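Below are the chains, spelled out letter by letter.
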Amino acid sequence: MIKTIPTKPFPDQKPGTSGLRKKVPVFQQKNYAENFIQSIFDSLEGHRGKTLVIGGDGRFHNREVIQTAIKMAAANGFGRVLVGQGGLLSTPAASNVIRKHKAFGGIVLSASHNPGGPDGDFGIKYNISNGGPAPEKITEAIFANSKKIERYLIADAPDVALDRIGTSEVEGMRVQIFDPVADYQALMEQLFDFDVIRDMFAGTFRMRFDAMHAITGPYAKAILEKTLGAAEGTVVNGIPLPDFGGHHPDPNLVYAKDLYDRMMAKDAPDFGAASDGDGDRNLIIGRNIYVTPSDSLALLAANAHLAPGYAKGIAGIARSMPTSMAADRVAEQMKIKCYETPTGWKFFGNLLDAGLATICGEESAGTGSNHVREKDGLWAVLLWLNIVGRRKESVENIVFQHWREYGRNFYTRHDYEAVDAERANGLMKNLKDQLGKPNLPALGNKALKGSDDFAYHDPVDNSDTKGQGIRFLFKDGSRIIYRLSGTGTEGATLRVYIERYEPDPAKQGGDPQTALSDLIQIARNLAEIEPRTGRSAPSVIT
Ligand code: G16
């Protein structure tokens, strides 16, 4: 039986950079998840009888919302749902399943790298038939629906057995529980030279992959250990836990410090990597060297032809605006275009669909390609392994050689988390007021080329997106950029992105914090960070 349940709107269901993310207790409010899912379904047309993919990163509250989503999909007329076994599906694997099985779309339950557990974060996002996050047009329609919703539809049916692979029915809708790893692994085998990587593991090559008790554990174990022959124990923290073992599943130098320390130790393995809560981010650390996500994008683009899936070359590169300009230099040399988009993977979808870009990446630890329409943590790791295996060089050498050839873009991001939202907005407003002014005392003798609030014109659908970050661009190519994060769930997070280009190989070594110290000071003064936020130092530096 299909039930129509009366409900009232919640005012706070505006999707952010990547779906709706809130604290678990917010999602546990009566009708909260139901309202949002119904608002998604009410924004769709032509979905009746079609297939919907459902899965999540396994965080606390995942199983409950999976059951709700299945029953609501049945009540809203879907013909079939494909659900990852145990309700699990990494974000890139979900994207692949949507594409491979020609689904109408997918519901991905994830708050990505945010912590989980009863007081942690939860999230819901909708992906469209190309496998990518819904574009702004759709997220705006979802938000509009959420503000006027009066009812939701749900099947009055028993829970589905999520752990048993097989097929069942809910109100005439077919429910297929499938192995979340198999399709994804098959895709990776097409893209990469597994023999080259296997040979490396058969020799002395050692690796440590930190799955952070999040979704990539089962994928990494199946691919790295069982298929590629990496030693047992290569994958650590490999069992997904609803609270990620009490950790923050964000693969950066703060939350993956243990991996970093091991990679800097005397007996470090050759290669270190980690992925996040839902498996779309990556962290790459060679013995003695941390590879910034921006450098990783540039390096992967420059070397992608070494992997069979990209042997014919790449059509273009795309990066989010705050991502360093290292990739632009690679594109220039390859005589291909480098697109600069706002933060948010959803902005890459059109470029990938139109064949304008093949490889995309962001400073926020995301890299991916046209194989799916999400960023993909394990994909980046496997491409790196494929490159190291073909070049037979250490990560350190590969990075140093890249800098010698293209120059080094010193880069850092300073985050001020959980700042009072009003104060953060005041800080941004004050910065906006400085735009266009040529003489700003805080800049000292640093010559400004221009300043603006980044706007993007999508070359494929001609849509315009404004207000995507305050940029101060200097004559020597340096940049200082300010944005408020669209993924936080507490107050506001101020992100400050700082970059300087260094062409001279003799000056390319050293710590970015030192190399960028003058710009860091300018960035703090210009935005009046301490007086306006009360923070004397960032909470996270990446
Ligand atoms: C999401 C988006 C990314 C974005 C990141 C950070 O990643 O998909 O495109 O770069 O958030 O966004 P913000 O700076 O607004 O917090 P994820 O891994 O959280 O889904």
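Residues numbered from 1 in each chain as written. Predicted model: local features only at pLDDT ≥ 70, side-chain atom pairs only at ≥ 80, totals over all residues. Heavy atoms only, no water.

Our focus in this paragraph is the layout of surface pockets. Volume-wise, the largest pocket comes out at about 950 Å³. Lining the largest pocket are 38 residues; nearest its centre among them are G16, T17, L484, S485 and G486. Contributing elements (two or more residues each) for the lining of the largest pocket: β2 (20-23), α5 (136-146), α15 (421-434), β24 (479-484) and β25 (492-502). Within the lining of the largest pocket, the residues separate by chemical class into 10 nonpolar, 17 polar and 11 charged. (1 Å grid on protein atoms, 1.4 Å probe; cavity = no way out; pocket = protein on both sides within 12 Å on 5 of 7 lines; lining within 4 Å. Points joined across faces, edges and corners; volume = space filled by probe spheres on them. Helix = DSSP H or I, 4+ residues; strand = E, 2+ residues; numbered from the N terminus. Nonpolar A, V, L, I, M, F, W, Y, C, P; charged D, E, K, R; others polar.)

Here we come to the sheet that holds β25. Pairing between the strands of a sheet is mediated by backbone hydrogen bonds and can be parallel or antiparallel. Strand order in the open sheet formed by six strands is β20-β23-β24-β25-β19-β26, with antiparallel pairing between adjacent strands. The sheet is open, and its two edges are formed by β20 (448-453) and β26 (540-541), each paired on a single side. Relative to β25, β24 runs antiparallel, the two sharing six bridges. The partner of I481 across the bridge, within β25, is Y497. (Pairing = 2+ DSSP bridges.)

Of all residues adjacent to the ligand, which total 19 residues, the nearest are E362, S485, G486, T487 and R495. Within the backbone of G486, a nitrogen or oxygen atom sits 2.7 Å from an oxygen atom of the ligand. When the ligand sits alone it has 460 Å² of accessible area, and the protein chains cover 99% of it. Cavity membership is defined here by more than half of the atoms lying within 2 Å of grid points; on that basis the ligand lies in the largest cavity. (Near = heavy atom within 4 Å. Polar contact = N/O pair within 3.5 Å; in protein donor to acceptor, adjacent residues only side chain to side chain. Areas by Shrake-Rupley, 256 points an atom, 1.4 Å probe, with all protein chains shown as cover. Sits in = over half its atoms within 2 Å of the grid points.)

What follows is about helix α4 (residues 91-100). Among the 10 residues of α4, eight are classified as buried, and the element is accordingly described as predominantly covered. N-capping of α4 is provided by S90, with a side-chain oxygen placed 3.1 Å from the backbone N of A93. At the C-terminal side of α4, K102 shows a positive phi close to 50°. (Buried < 20%, exposed > 50% of the residue type's maximum accessible area, 1.4 Å probe, protein only.)

With that out of the way, let us pick up unusual backbone geometry. At N237, a residue that is not glycine, the phi angle is positive and equals roughly 50°. Following the sequence through the fold, N237 ends up in the loop between β11 (235-236) and α9 (257-264). Although it is not a glycine, K335 sits at a positive phi angle of roughly 60°. Among the structural elements, K335 can be located in the loop between α11 (326-334) and β16 (337-341). Under the relative-accessibility criterion, K335 is labelled exposed at 74%.

As enumerated under the stated definition, the model contains four cavities of 30 Å³ or more in all. Lining the largest cavity we find 26 residues, and of these T17, S18, R281, K375 and T487 sit closest to its centre. Residue composition of the lining of the largest cavity, by class: three nonpolar, 10 polar and 13 charged. Of the pockets and cavities examined, the second largest cavity occupies roughly 190 Å³. As for the second largest cavity, its lining consists of 19 residues, and the residues nearest its centre are Y290, P293, E363, A365 and T542. Those elements that place two or more of their residues in the lining of the second largest cavity are β13 (282-286), β14 (289-291), α10 (293-303) and β19 (408-419). The residue makeup of the lining of the second largest cavity, split by class, is eight nonpolar, seven polar and four charged. Each of domain 2 (184-406) and domain 3 (408-541) gives at least three residues to the lining of the second largest cavity. (Domains from an automatic or database assignment.)

A separate point is the domain arrangement of the protein chain. Split into domains, the protein chain comes out as domain 1 (2-180), domain 2 (184-406) and domain 3 (408-541). Relative to domain 3, the C-alpha centre of domain 1 lies at a distance of 35 Å. Counting from both sides, the interface comprises nine residues of domain 1 and, opposite them, six residues of domain 3. Between domain 1 and domain 3 the total buried area reaches about 560 Å² when both faces are included, carbon and sulfur atoms providing 44% of it. Taken as a group, T17, R21 and K23 account for 59% of the area that domain 1 buries against domain 3, more than any other trio of residues on that side. At the junction of domain 1 and domain 3, the tally comes to one salt bridge. (Contact = heavy atoms within 4.5 Å. Buried area = accessible area lost by both parts, 1.4 Å probe. Salt bridge = Lys/Arg side-chain N within 4 Å of Asp/Glu carboxyl O.)

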